[in-house]
Amino acid sequence: MKRTQGFILDGNFPAAARAAGKAYALAESTADKAMALAGLSGVHSVAGDLEAAQRAIDRAFELAGESDAAIHASISMLRANLEHLRGDPAQALATLTAGVERISKDADPAAPSMIHVMLLGALAAAYAETGQPRQALRRYQEAYALGELLRERDQVILPQITVDIALVHRDMGDWDRAHELAQEGLAAAARMPAIRGPALARLHVAAAVIKRRVGDTEGALALLEQVEEFWATKVPPDHIERVSVRLNRAAIAADLGDHADARRLLSRLAGGLPKGGNATAAGVLAEYNLALLEYKGGELPAARSRADALLPAMVSVFGPNHLHTATTQVLRACLLADAGDHEQALGLAATAIEAENHIQWTAFGAGGQGVRKAILHRLAQTLQIEVSLALSAPDHLAGSAIRTAFAAVSGRKGASREGFTALLGNARDSGTLAEFVQLSAQLLQLMTSHPDGAELTQLSRLLDRQEALESALADAVPQQALHLHALRATPERILAALAPGTALLEVFQWVPFDLTRGVSRDVGEAEYIGFLAANGAVRLVRLGRAADIDAAVGRWQEDVAAAGRHDPPLPLDPRPMADLGSALVEPLLAAIDEAGGPALRHLHVAPDGDLGLIPWELLPGEDGRALAENLSLSYLSTGRDVLTFDRERGEGSRSLVMADPDFGPIEGEDLSEWRGLSQAFPEGFPPLPGTREEGRTVARLLDAELRVGAAADRDALAAVRAPRVVHLATHGFFLPDPDPEWALDLAATLEPETRIPWRAVPRPLLRCGLALAGANTAIADAPPGIVTGEDIVGLDLRDTRLVVLSACDTGRGLIEPGEGVLNLAHAFTVAGARAVVLSLWKVHDSLGRRLMESFYARLAEGIAPLNALRLAQRDLRDRYPDPYCWAGFVLYGAGDRAVDSHAASGEPAADVT
């Protein structure tokens, strides 16, 4: 067998076949004859003679019978490879699964065999081919761990496993990690002379695929040319290895705009490949890319004809829940819609949406934040296309079209946060959250330990650890739980979850897709649209051009900031809010009238983009009346949040109030001693003595624990276990988006000792937070006295009814289209809080205190948080009519149920100082 393998590595397939035949002739035992035939089958497979390979492997199985597990595993692996080559990935997966189960029974984990490792790798590849990245990564990691225990000469398999893992990350859209792993695999292969011939060629193809997608076109072409040269004299032009090279060269040609060359290369593949096999997979991918080129080239009838024939083949080769299949369904739907067959197009779009939801959640279980972001980014374009497909439907299909678009948005928007919540919840239940919380503190300490920020090497190490930990936590979430997440956010479930008299407005920033030309329109044509769900139906609300609306939001924010720089605050300019009212209120109220009119008294708004930065209550209608005069309003990060409103909650522990933290002195100090904090907050955090009385009042009304001064610190907040109410009266902060020059995806171009400022950290929840005791004081080898959003998501607030952030700017955060504003409301909701009250701007101290005292007085009377906030704002507005004075606080989440205050008898709460 070694001679056979050696000839295969050299690409001398006739000699390999003769060696295998000779081994069969000389074999004395049945088991040896079976192995020789299996080897011969492998030679025929590599050489492209699949019929001869099938005959040899069938005979090998007959001879093997009940032979030992290693022999059975070797034959199983070759048989599965042939099943895959012949276009039956499901059967290949079944064969490999049975093989792994058999060899694992009696295997010694401390001394694995080479065939065991290879079989695990083959099973992982089968999972990847059938669109199951989570299982693929598990098996690859298991194979790699066993491979490290092999003899050194047998560890030649490790570079291939590394590159295969890179390809799984590629399939999930995680190109940065894929590129990193591919480079690592190639470097390892270069150190192993035994890796040559076909094995090295396959590594080069995989690396070329990834280099192309990260922009290294020149490097990708160089690798492909090497592979083409190797195979040119060894196999015919229709051999799978040469087909793979041609597919990748065609993709590069299309990237470079040379569509003629791309079509020439693809035309030689599509329809001209042998029937069955991996050639079928290559063939359908070639057909897909040809259909895409025809679509974008205006050859619509040809593209439609090709896509019609292609879809069944794609399902057969890759299965119904593979990204290739979903993408093909979307392509065919676009072509049908352009031809006027909107009903069939909507059906295909709905099927694709279901598949993409499954893909999204499967991928979430396969990795941490990097994977979650990558898969959402990959699916973002098809989401825009699916919405465009639905909105192009004629009036007689409007109902089903709007539901299809709403299903796409509600299934995708906010899903990254829900995935993160799922893995954190599982970590809390299993008691493995401690390391996550510890890493958040270490990151904060590192970012603030030097005036210029963190050293790149140290920061990258911690971020890698955090990503690895999140991946492990995600892997621990049961597959069934992820499956349920994929099924839950349907229009029917969301409509059923809405209380009587309540509507939901799901806002989405839509970039239209040109169905005739097959391209996205310019981002300047983006619109804000809304889906109004109420009384069992969903209606479309066209809100207006995104650029105009965002400009008005920007003017409003500038005016609010200018007003807050004066004491008393300057009156706000009503014009920006009037402009926003003209765009938003009229179509919204018209849709509400259609949906139920006066019977609808409450509106949940799930904003997108910049529309999460304004109080919708102030938006004026044509008659000048503010929206809040027609409806009560609350906010959601995403409409799917209504599905959590009825989740059972425990009693919760005693409420907690933290106020007037002792930030520490800053006057007369050299702020350079403040380390990294001085760059982010050059003036430090000034004291808030007025909040102590606010804290006492709130604590008395809630019978809460009151912590002030030095006792209002990080440790006290970290120690909470689901208090009924959390009230935090302090400073909030948000560090704006980093400058492009500091983007960490360019870290490869930076020196290892480069220092990265705090504002440039790529995790947005590390850039927002609250100041607590000691925030102005540098402490050696410890994080400063602040908590970030990363710290907050690690809290256990699953039985917490309400969090109130009586602090400035707690509503600000990074705006992620499709995710809303990643701010402290996001963090506290992920931690489990049912409702969060926060501020959209720097609220005036004394007015904010008055509002809070009025708000809690009504909570103590048994009034629900949302109504209590509205009444408190009305009281303040009667005395201070300008909106700056009273409209800064909004409620996110479910504020419709009274908070059990367990109020004391009016005695003042004792200070914990």
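Residues numbered from 1 in each chain as written. Predicted model: local features only at pLDDT ≥ 70, side-chain atom pairs only at ≥ 80, totals over all residues. Heavy atoms only, no water.

Bringing the sheet that holds strand E12 (residues 732–734) into the picture now. As summarised here, the arrangement of the three strands in space is E12-E14-E15, forming an open sheet in which the pairing is antiparallel. What marks the edges here is a single partner per strand, and that holds for E12 and strand E15 (786–788). With strand direction ignored, the average angle separating the axes of adjacent strands in the sheet is 25°. Sheet topology places E12 next to strand E14 (residues 768–771); three bridges connect them, and they run antiparallel. The residue of E14 that forms the bridge with Phe-733 is Gly-769. (Pairing = 2+ DSSP bridges. Helix = DSSP H or I, 4+ residues; strand = E, 2+ residues; numbered from the N terminus. Axes fitted to C-alpha atoms, helices over the stretch in contact; angles between N-to-C directions.)

This paragraph deals with the side chain of Ser-440. Mapped onto the elements of the fold, Ser-440 is located in helix H22 (residues 434–448). Setting aside its immediate chain neighbours within four residues, Ser-440 contacts Gln-466, Glu-790 and Asp-791. (Contact = heavy atoms within 4.5 Å.)

Next up on the list: the packing of H22 against helix H23 (residues 456–476). Between H22 and H23, the shortest axis-to-axis distance is 10 Å and the interhelical angle comes to 160°. Taken together, the axes of H22 and H23 lie roughly antiparallel to each other. Helix-helix and strand crossings are classified by hand; for H22 and H23 the assignment is left-handed. Counting all contacts with H22, which are made through Glu-435, Phe-436, Leu-439, Ser-440, Gln-442, Leu-443, Leu-446 and Met-447, the residues of H23 involved are Gln-458, Leu-459, Leu-462, Leu-463, Arg-465, Gln-466, Leu-469 and Glu-470. Class assignment of the residues belonging to the contact of H22 with H23 gives a composition of nine nonpolar, four polar and three charged. (Parallel < 35°, antiparallel > 145°, perpendicular 65-115°, else oblique. Left-handed = near helix turned anticlockwise from the far one by under 90°. Nonpolar A, V, L, I, M, F, W, Y, C, P; charged D, E, K, R; others polar.)

This part takes up the packing of helix H9 (residues 157–171) against helix H11 (residues 197–213). In a pair of packed helices, the angle between the axes and the distance between the axes together describe the arrangement. It is the contact of H9 with H11, at a shortest axis distance of 10 Å, that shows an interaxial angle of 25°. One way to sum up the angle between H9 and H11 is to call them roughly parallel. Between H9 and H11 the crossing geometry is left-handed. For the pair H9 and H11, the contacting residues are Pro-159, Gln-160, Val-163, Ala-166, Leu-167 and Arg-170 in the first and Ala-199, Arg-202, Leu-203, Ala-206, Val-209 and Ile-210 in the second. Looking at the contact of H9 with H11, its residues break down into nine nonpolar, one polar and two charged.

Moving on: the pattern of salt bridges. Following the criterion strictly, the structure yields 38 salt bridges and no others. Note that Asp-261 is salt-bridged to Arg-264, the shortest N-O span being 2.3 Å. With Asp-261 and Arg-264 both in helix H14 (residues 259–267), this residue pair falls three residues apart, about one helical turn. Residue classification places Arg-264 among the partly exposed residues on the basis of a relative accessible area of 40%. Residue Glu-594 pairs with Arg-539 through a salt bridge whose shortest N-O separation is 3.5 Å. In this pair, Glu-594 sits in helix H27 (residues 575–595) while Arg-539 sits in strand E6 (residues 537–545), placing the two residues 55 residues apart along the sequence. Assessed through its relative accessible area of 22%, Arg-539 is described here as partly exposed. (Salt bridge = Lys/Arg side-chain N within 4 Å of Asp/Glu carboxyl O. Buried < 20%, exposed > 50% of the residue type's maximum accessible area, 1.4 Å probe, protein only.)

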